[in-house]
Structure formats: C-alpha cells, structure tokens
Amino acid sequence: MKAVVTGVAGFIGSHLAERLLAEGHEVVGVDAFVDYYPRAIKEDNLRTARGQARFRFVEGALQDLPLDGLLEGAGVVFHLAAQAGVRASWGRDFAAYTSHNVLATQRLLEAALTAGVGRVVYASSSSVYGDVRALPLREDSPCRPVSPYGVTKLAAEHLVHLYGRNHGLPVVSLRYFTAYGPRQRPDMAFHRFLKAARDGAALRIFGDGEQTRDFTYVADVVEATRAAADSGRPGCVYNVGGGERVSVNDVVRRIRQITGRPVEVVREEAQKGDMRDTFADTTAAQRDLGFRSTVGLDDGLALEWEWVRGLA
Ligand code: NAD
C-alpha cells in the first residue's frame, strides 16, 4: 500500500511513518518544517525513515504543493500536519493556525477527492471539547473549544466530515488526548519537566497544578491511527486516550520518583486556552479499532526520561 503521512517530520508523524515502513508499506511523507520548533529536531525525527528505500520525503506546505501527483494511488492519507500548540494560538499568530490547520486541510481534501484516495485519517484533538463538566468526554459531548487552536482543529474536523458526507470521501477523525513519549515536542509539559529535572532547573507549572489530563503514550496513538485506516467506520470520530486521569501535581510526584531528582517547582499564572480537565471515553475506539492503551503513565514517563537524558 502507498500511504501518505502529512506532518511526517513531527513528533507523532515520524513515529507513524516508521511503523508503516516496518509493515512494508511505501510511505510518502510531507512536511513544511514550520518554525514552531527547530528544524534540526525534526530532521532528527526523520532520520530513521529517510534511511529506508520505500520512503520518499516531500518538503513543502500543503497550501502550496502540487498535491495531485503526490496523492495519486494512495490507499490512505494520514493527515497529521498542523500548527500545534494551544498557548501560541492567540493574537497575530492565529493567521498561521488558520492557514496550516484549516486552509491546508481543505486543500488536501480537495486533492484527495480528485485522486480518489482510499481513506483519509485526520489527527484531531481533545482540545475540540473545551471545558465540559461531564467526564469522561464522549465523542458526542459538546464541542466548545477554549483556545483558538482548538477552534481550528474543530473547523478542520468539520471540513473532513463534510467531504465525507457530501462527496463520499472515506474519512475518519481521531481526537488524540495529550500524546507523550520520545520525540515529544519541546513545548509540551513532560518534555519541559523532564529536561528541567535533568538540568537541575526549576520546573514551571501553569496554575495550581490540579488540572488533569488523560496522557497517551505515542506508540498507542500510532496504533490507533494505523487501525483507523483499516477498521475505522467512515464518517466516524474516535477518542484516543491513555485511560488514566492524572493531575499535573501528580505527574511532578511521579517525575521525582522516576528521575530520583528533587525537582523544584515554580508556579506561574494559569494560561488562557488551557482546558481544566481531559479524560477520554474510548469505548468507540475499543469497539471499532480494537484500541487498548498498552503503556501506563509510569512506564511511558520512564521511556521519555531515557530519551530526554540522551538529548543534547
Ligand atoms: P508536530 O508539530 O511535532 O508535528 C506537526 C508537523 O506538521 C510539523 O513537523 C510541521 O512542520 C508540519 N506542518 C505544519 N503545517 C504544515 C503544512 N501546512 N504543510 C506541511 N507540513 C506542515 O505536532 P505533533 O505533536 O506531532 O502533532 C501531530 C498532529 O496531532 C497535529 O495535527 C496535532 O494537532 C495533533 N494532536 C497532537 C497532540 C499531542 O499531544 N501531540 C494532541 C492532539 C492532537
């Protein structure tokens, strides 16, 4: 099978590409190296995939690239390219979010339709929900994002499903809940926390630390994404969450234990756009995708710690 992975140089996209290559598929990876974090990190992410003959890399933005040839003959397009990050999505930078997350998705969907691709799997986000009181979050819970980033991820999710409903494009969306593990983006909490622990620096926490998250180990995210191509029901959306609801303060306690370092904490003001709590109901993903979270938080944190210790 030929698979296209957008955002292939990113945290999750690079793991997904390696997984597809290991299965023997041909992978065309696309990435624009947007400057949200350094290109050198993304080049490192790509190193293993680039060493394989069945991998072809195309550099460029989905808004500009000639997409027809790129998608021709693709059994599946995994659409992971996005301008990530909740906190940076306010103010002038919102233009980048609308361009990379909404306009790029619409252009990709048009091209997927023309090329007749077998399936589009879209990487959506738990941030489409916003502050919903009733937990766990189900796919039919109200979606009222509390960040501009969440608004763009939800807008793109709507576009994906419009192309499914109106044009018969077989589409599936996955709402990832806070992915972590090796290659995690440098702006994300565990990466920052573990690096601070390594360097003996104070660890910065936004708000009182009692906000909770459902953290999902990257291999489990990849597994669900891969399964969505085969057994996701067209037109459906699935939560992908690790299954443990843990507060940020609890994460810090675990980090002290895993790293054996004292780790001093500095509290900063709560950030606009951060959700208070996330916790996924994954019944639908279990049923249709055979999804099971296989890596618990302590094991996953230990794996990310090993990776962070090896970083420059
Ligand atoms: P990432 O920033 O590491 O990877 C995204 C990649 O997409 C980057 O390498 C970037 O250069 C590329 N990109 C951005 N806009 C592009 C464009 N217009 N054309 C081509 N390439 C472009 O982010 P990630 O954490 O790996 O996230 C991957 C996907 O999963 C994103 O869609 C994100 O919204 C979604 N997601 C991630 C998480 C998480 O916890 N990491 C949670 C929910 C949803």
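Just above, that's the structure.
Residues numbered from 1 in each chain as written. Predicted model: local features only at pLDDT ≥ 70, side-chain atom pairs only at ≥ 80, totals over all residues. Heavy atoms only, no water.

(A) Here's a closer look at the overall build of the protein chain. Scanning the protein chain for helices and strands turns up ten helices and 13 strands. Projecting the C-alpha coordinates of the protein chain onto the three principal axes gives extents of approximately 55 × 45 × 40 Å. For the protein chain, the proportion of its 312 residues judged to be buried stands at 56%. Long-range pairs, those at least 24 residues apart, make up 83% of the contacts in the protein chain with a sequence separation of at least 6. For the protein chain, the exposed area adds up to about 13,100 Å²; of that, 50% sits on carbon and sulfur atoms. When the 38 basic and 38 acidic side-chain charges of the protein chain are each reduced to a single mean position, those positions are 1 Å apart. (Helix = DSSP H or I, 4+ residues; strand = E, 2+ residues; numbered from the N terminus. Buried < 20%, exposed > 50% of the residue type's maximum accessible area, 1.4 Å probe, protein only. Contact = heavy atoms within 4.5 Å. Areas by Shrake-Rupley, 256 points an atom, 1.4 Å probe, with all protein chains shown as cover. Lys, Arg positive; Asp, Glu negative; His and termini not counted. Charge placed at Lys NZ, Arg CZ, Asp CG, Glu CD.)

(B) Geometry of the packing of aromatic side chains. Counted by the stated rule, this structure contains seven aromatic pairs. Geometrically, the ring pair formed by Tyr129 and Phe177 is tilted, given 6.2 Å between the ring centres and 40 degrees between the ring planes. Taken together, the positions of Tyr129 in the loop between β5 (120-125) and α5 (148-167) and Phe177 in the loop between β6 (171-176) and β7 (179-180) put the pair 48 residues apart, joining distant regions of the chain. Within the aromatic cluster, the residues linked to one another by ring pairs are Tyr180, Phe190, Phe215 and Tyr217. Between the NZ or CZ atom of Arg39 and the centre of the ring of Phe33, over which it lies, the distance is 3.9 Å. For the cation-ring pair, Lys42 lies above Tyr37, with the distance from its terminal atom to the ring centre recorded as 4.6 Å. (Phe/Tyr/Trp six-rings, centres within 6.5 Å; stacked < 30°, edge-to-face > 60°. Lys NZ or Arg CZ within 6 Å of the ring centre and 35° of its normal.)

(C) Fine view of helix α8 (residues 248-259). The terminal C-alpha atoms of α8, which comprises twelve residues, lie 16 Å apart, in line with the 16 Å expected from a rise of 1.5 Å per residue. Inspection of α8 places Val248, Asn249, Val251, Val252, Arg254, Ile255 and Thr259 among the buried residues, and these make up the whole buried set. Along its buried surface, α8 packs onto α6 (189-199), β8 (203-206), β12 (245-247), β13 (265-268) and α10 (297-309). (Expected span 1.5 Å × (residues − 1).)

(D) Representation of the site of the ligand within the structure. Surveying the vicinity of the ligand reveals 30 residues, the closest of which are Asp31, Tyr37, Gln63, Tyr149 and Ala179. Residue Gln63 places a side-chain N or O atom 2.8 Å away from a nitrogen atom belonging to the ligand. Here the ligand loses 98% of its free accessible area of 830 Å² to cover by the protein chains. Sort the elements by how many residues they give to the shell around the ligand and β5 lands first, with three residues. By residue class, the composition of the shell around the ligand is 18 nonpolar, eight polar and four charged. (Near = heavy atom within 4 Å. Polar contact = N/O pair within 3.5 Å; in protein donor to acceptor, adjacent residues only side chain to side chain. Nonpolar A, V, L, I, M, F, W, Y, C, P; charged D, E, K, R; others polar.)

(E) Seen up close, the pairing of strand β4 (residues 76-79). Residues Val76 and Phe78 point to one face of β4 and Val77 and His79 to the other, with burial holding for every one of them. Relative to β5, β4 is paired through three bridges, and the arrangement is parallel. Across the sheet, Phe78 pairs through a bridge with Val121, a residue of β5. (Pairing = 2+ DSSP bridges.)

(F) Seen up close, the sheet that holds β6. Spatially, seven strands are ordered β3-β2-β1-β4-β5-β6-β11 in an open sheet, and the strand pairing comes out parallel. The open sheet has two edge strands, β3 (55-59) and β11 (237-240), and neither has a second partner. Neighbour-to-neighbour, the strand axes of the sheet open up by a mean angle of 20 degrees, direction not taken into account. The sheet contact formed by β6 and β11 spans four bridges and is parallel. Residue pairing for β11: Leu174 is matched across the bridge by Tyr238. (Axes fitted to C-alpha atoms, helices over the stretch in contact; angles between N-to-C directions.)

(G) Focus on the nonpolar core. Formed by 59 residues in total, the largest nonpolar core has its most connected members in Phe55, Phe78 and Leu174. Top element by residues in this core is helix α7 (residues 218-231). It accounts for seven residues. In this structure, Leu62, Ala74, Leu108 and Leu109 belong to the second largest nonpolar core, which totals 27 residues. (Core = buried A, V, L, I, M, F, W, Y, C linked by side-chain atoms within 4.5 Å.)

(H) The arrangement of the pattern of salt bridges in detail. Counting across every chain of the model gives 24 salt bridges. The salt bridge partner of Glu157 is Arg175, with a shortest N-O separation of 2.6 Å. Placement of the pair is Glu157 in helix α5 and Arg175 in strand β6, with a sequence separation of 18 residues. A relative accessible area of 5% places Glu157 in the buried class. In this structure, a network of salt bridges that share partners links the residues Arg19, Glu23, Glu223, Arg226 and Asp230. (Salt bridge = Lys/Arg side-chain N within 4 Å of Asp/Glu carboxyl O.)

Distances and angles like these do not, on their own, reveal function.
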